[in-house]
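Each chain, written out:
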Amino acid sequence: MTVNLEVADGVGTIRLDRPPMNALDIATQDRLRELAEEATRRDDVRAVVIWGGEKVFAAGADIKEMQVMDHAAMVVRSKALQDSFTAVARIPKPVVAAITGYALGGGCELALCADIRIAADNAKLGQPEILLGLIPGAGGTQRLARLVGPSKAKDLIFTGRQVKADEALTLGLVDRVVPAAEVYEQARAWAARLAAGPALALRAAKESVDAGLETDIDTGLTIERNWFAGLFATEDRETGMRSFVEEGPGKAKFR
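Since the structure is predicted, the reported quantities are computational estimates derived from the model, not experimental observations. (Residues numbered from 1 in each chain as written. Predicted model: local features only at pLDDT ≥ 70, side-chain atom pairs only at ≥ 80, totals over all residues. Heavy atoms only, no water.)

(A) View of the sheet that holds strand β9 (residues 176–178). With mixed pairing, the six strands of this open sheet are ordered in space as β1-β2-β3-β4-β6-β9. Looking at which strands have only one partner, the edges of the open sheet turn out to be β1 (3–8) and β9. Strand-to-strand twist of the sheet, defined as the mean angle between neighbouring strand axes without regard to direction, takes the value 20°. Pairing analysis gives four bridges linking strand β3 (residues 47–51) to strand β4 (residues 95–99), with the strands arranged parallel. Paired with Trp51 across the two strands is Ala98, which belongs to β4. (Pairing = 2+ DSSP bridges. Helix = DSSP H or I, 4+ residues; strand = E, 2+ residues; numbered from the N terminus. Axes fitted to C-alpha atoms, helices over the stretch in contact; angles between N-to-C directions.)

(B) Spatial organisation of the packing of aromatic side chains. This model, assessed by the stated rule, comprises two aromatic pairs. Ring centres 5.5 Å apart and planes at 70° place the aromatic pair Phe228 and Phe232 in the edge-to-face group. Lying over the aromatic face of Trp51, Arg15 brings its terminal NZ or CZ to 5.1 Å of the ring centre. (Phe/Tyr/Trp six-rings, centres within 6.5 Å; stacked < 30°, edge-to-face > 60°. Lys NZ or Arg CZ within 6 Å of the ring centre and 35° of its normal.)

(C) Examining the packing of helix α9 (residues 199–213) against helix α10 (residues 217–230) more closely. Interhelical geometry of α9 versus α10 gives an angle of 170° and a closest axis separation of 9 Å. Between α9 and α10, the crossing angle belongs to the class labelled roughly antiparallel. Residues Arg203, Ala204, Glu207, Ser208, Ala211 and Gly212 of α9 touch α10, and the partners they reach there are Gly220, Ile223, Glu224 and Trp227. Within the contact of α9 with α10, the residues separate by chemical class into four nonpolar, three polar and three charged. (Parallel < 35°, antiparallel > 145°, perpendicular 65-115°, else oblique. Contact = heavy atoms within 4.5 Å. Nonpolar A, V, L, I, M, F, W, Y, C, P; charged D, E, K, R; others polar.)

(D) Representation of the sheet that holds strand β7 (residues 124–126). With respect to topology, three strands assemble into an open sheet ordered β5-β7-β8, the strand pairing being mixed. Of all strands in the sheet, those with a lone pairing partner are β5 (102–104) and β8 (162–164), marking the two edges. The sheet shows a mean angle of 20° between the axes of neighbouring strands, direction not considered. By the bridge criterion, three bridges tie β5 to β7 in an arrangement that is parallel. Across the sheet, residue Tyr102 finds its bridge partner in β7, namely Lys124.

Put into structure tokens, the structure is as follows:
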């Protein structure tokens, strides 16, 4: 398989495994969607790491596969392409991208689907589709602009240039830069910490932020208010408040 899901201690690792560059061909895209949906369903997966291995995250789409596709074929395929990435973005659990080496084109777009991005100090990110006479087609024009702002997104998309990890951090494209040997370990530690947290509250927080960004402030506040009130019906809320009163903050153990 070109993508695998491994689960341990509440953390699911979605591992891209298509050497040498983890090019995202159609089979890989479809498999990515299947595993994102599986991670969403499984109760033993409480947080997710997306990882391409020690050398490269994903260098983009399979250009040779795309080269033979005409307009009619891409009209059909482009929706499935976006759906694969959207399935990752909509995993209702904390998701972290562990980025080593190249994260270009579709690889960068996949990283954008995570909640946070931890990059190796040797990472290079970018949206080089313009150099092929194209634009990003797996969410890059939308998620990148929402993350770093329209001007910075246009710079990256218009020029197709690659940015090193330090500039990516300055732009807000990644959230943390660490030595390459520590990327997966730190990403998994972040995921493991949240995997022990209150699952429904984390889901509520993620969906409130993501859905709120797509609407006006009043609608966003309604989304937040409904989730906030709804959490008062959960066991996690009872556990958290009881632990706070009896033991102090930060000591609750959620099931």
